[in-house]
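Each chain is listed here by its residues.
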Amino acid sequence: MTLLEFTGCALTAFGPALSMFILTIMNDPVRVIILIASSFFWLLSLLLSSIVWFVFPNKQQVWFGVLVSVLVQELFRYFLYLLLRKAERGLKRFVVHSLVSNNKHMLSFVSGLGFGVMSGLFSLINILAEVGGPGTMGLRGGYSAFCIVSSIFTAFTILLHIFWGIIFFHGLNTDNKNLILYVIISHLVVSEVTLLNQFYYNTLALSIVFMMTVGSGCYAFKTAGGQLPIIDKLNNQNTTAAES
């Protein structure tokens with residue numbers, strides 16, 4: 001039973017990210033390198049956040065630690081952007097058919113996936129270790145759906161990091177400070193909302209994070225040049241009606 005629960009929670013959390021890696025990244029060595037580099041930058045942000053937490057311990061105000069962690073993560077996302085932009089020119093000289101020349105948004109997608117996967121691993125690895133045996137989480141009065149809820153939160157977080165990466169990089173490329181501010185604020189909101197789980201407001205927290213994921217995903221999809229036939233058809237109908 002513990003093996004089934006472990007497998008279900010792991011696939012729930014990392015299944016979408018694994019599919020994205022296999023379909024879009026695995027066959028391109030440059031994308032794999034950038035994925036690893038972005039994961040390393042997230043680890044650096046975690047290290048700096050830990051140092052701040054060690055120097056200024058405030059165990060009673062967890063929200064403050066979450067605030068510092070989010071700001072540090074976004075700071076290192078900016079550092080990663082600067083590094084990738086400087087390395088992009090050199091990569092174009094040696095790799096013609098790579099992400100740096102095929103799709104300008106692929107760079108932000110890969111870096112966002114690296115951020116999200118590493119963040120998800122650190123947030124869920126201890127839970128998965130407990131789920132693997134010999135017992136399961138949620139005993140002795142605990143929340144019985146704690147494992148699956150945590151897995152869903154992790155999946156949403158990984159997707160959000162992908163969307164935030166696309167929006168953040170696009171904001172820097174176009175010098176749009178509103179997009180950068182949106183990423184920072186939405187990251188803060190999502191991170192602080194997870195604190196509601198300790199009061200068993202799991203449904204409310206999941207609903208808020210789900211809406212943030214859908215909204216950010218739609219805008220990132222539009223930013224990356226995506227088009228939906230239904231939306232295009234409705235826009236054409238509205239244009240025709242306005243002209244007539």
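Keep in mind it's a predicted model, so treat the numbers as computed, not measured.

Conventions adopted
Residues numbered from 1 in each chain as written. Predicted model: local features only at pLDDT ≥ 70, side-chain atom pairs only at ≥ 80, totals over all residues. Heavy atoms only, no water. Bend = angle between axes of the 7 residues up to and from the residue. Helix = DSSP H or I, 4+ residues; strand = E, 2+ residues; numbered from the N terminus. Buried < 20%, exposed > 50% of the residue type's maximum accessible area, 1.4 Å probe, protein only. Contact = heavy atoms within 4.5 Å. UniProt positions renumbered as here; feature names shortened; annotations may be inferred. Axes fitted to C-alpha atoms, helices over the stretch in contact; angles between N-to-C directions. Parallel < 35°, antiparallel > 145°, perpendicular 65-115°, else oblique. Left-handed = near helix turned anticlockwise from the far one by under 90°. Nonpolar A, V, L, I, M, F, W, Y, C, P; charged D, E, K, R; others polar. Expected span 1.5 Å × (residues − 1). Polar contact = N/O pair within 3.5 Å; in protein donor to acceptor, adjacent residues only side chain to side chain. Core = buried A, V, L, I, M, F, W, Y, C linked by side-chain atoms within 4.5 Å.

Novice: So what about helix α1 (residues 2–25)? Which residues, and what values?
Specialist: The largest bend along α1 reaches roughly 55° and is located at Phe-14, with the proline Pro-16 sitting one to four residues downstream. Taken together, the buried positions of α1 are occupied by Cys-9, Ala-10, Ala-13, Phe-14, Gly-15, Ala-17 and Ile-25. Check the buried side of α1 and you find it contacts α2 (29–55), α5 (106–131) and α6 (146–173).

Novice: Hey, could you go over the UniProt feature "transmembrane region" (unreviewed entry) in the protein chain for me, with residue numbers and the actual values?
Specialist: Mapped onto this structure's residue numbering, the UniProt feature "transmembrane region" (unreviewed entry) falls at residues 6–25, 32–56, 62–84, 105–129, 141–167, 179–197 and 203–221. Between the C-alpha atoms that bound residues 6–25 the distance is 26 Å, and the span itself is 100% helix and 0% strand. Regarding residues 105–129, the helix share stands at 96% and the strand share at 0%, and the terminal C-alpha atoms are separated by 35 Å.

Novice: Explain the packing of α5 against α6 to me, and be specific about the residues and the numbers.
Specialist: Running from amino to carboxyl end, α5 crosses α6 at an angle of 165°, the nearest separation of the two axes being 7 Å. Relative to α6, the element α5 lies roughly antiparallel. Note that α5 runs across α6; the crossing there is right-handed. Residue classes in the contact of α5 with α6 are distributed as 14 nonpolar, 13 polar and no charged.

Novice: Got a sec to walk through helix α7 (residues 177–193)? Specific residues and values, please.
Specialist: For α7, which comprises 17 residues, the first-to-last C-alpha distance of 24 Å matches the rise-based estimate of 24 Å (1.5 Å per residue) to within 8%. Every buried residue of α7 is listed here: Leu-179, Ile-180, Val-183, Ser-186, His-187, Leu-188, Val-190, Ser-191 and Val-193. In this structure Asn-176 caps α7, since a side-chain oxygen of it lies 3.1 Å from the backbone nitrogen of Asn-178.

Novice: I'd like a description of the packing of α6 against helix α8 (residues 202–223), backed by residues and values.
Specialist: Helix packing for two helices is described by the angle between their axes and how far apart those axes are. Where α6 meets α8, the axes come as close as 9 Å, and the angle between the chain directions of the two elements is 30°. With respect to α8, the element α6 is oriented roughly parallel. Relative to α8, the crossing made by α6 is left-handed. On α8, the residues touching Val-149, Ile-152, Phe-153, Phe-156, Leu-159, Leu-160, Phe-163, Trp-164, Ile-166, Ile-167 and His-170 of α6 are Asn-202, Ala-205, Leu-206, Val-209, Phe-210, Met-212, Thr-213, Ser-216, Gly-217, Tyr-219, Ala-220 and Thr-223. Residues belonging to the contact of α6 with α8 are distributed by class as follows: 17 nonpolar, six polar and no charged.

Novice: For the nonpolar core, give the residues involved together with the corresponding values.
Specialist: Phe-109, Val-110, Leu-113 and Val-209 are the most contacted members of the largest nonpolar core, which has 53 residues in total. Counting only elements with at least two residues in this core, the list comes to α1, α2, α3 (62–94), α5, α6, α7 and α8. It is α6 that provides the largest number of residues to this core, a total of 15 residues.

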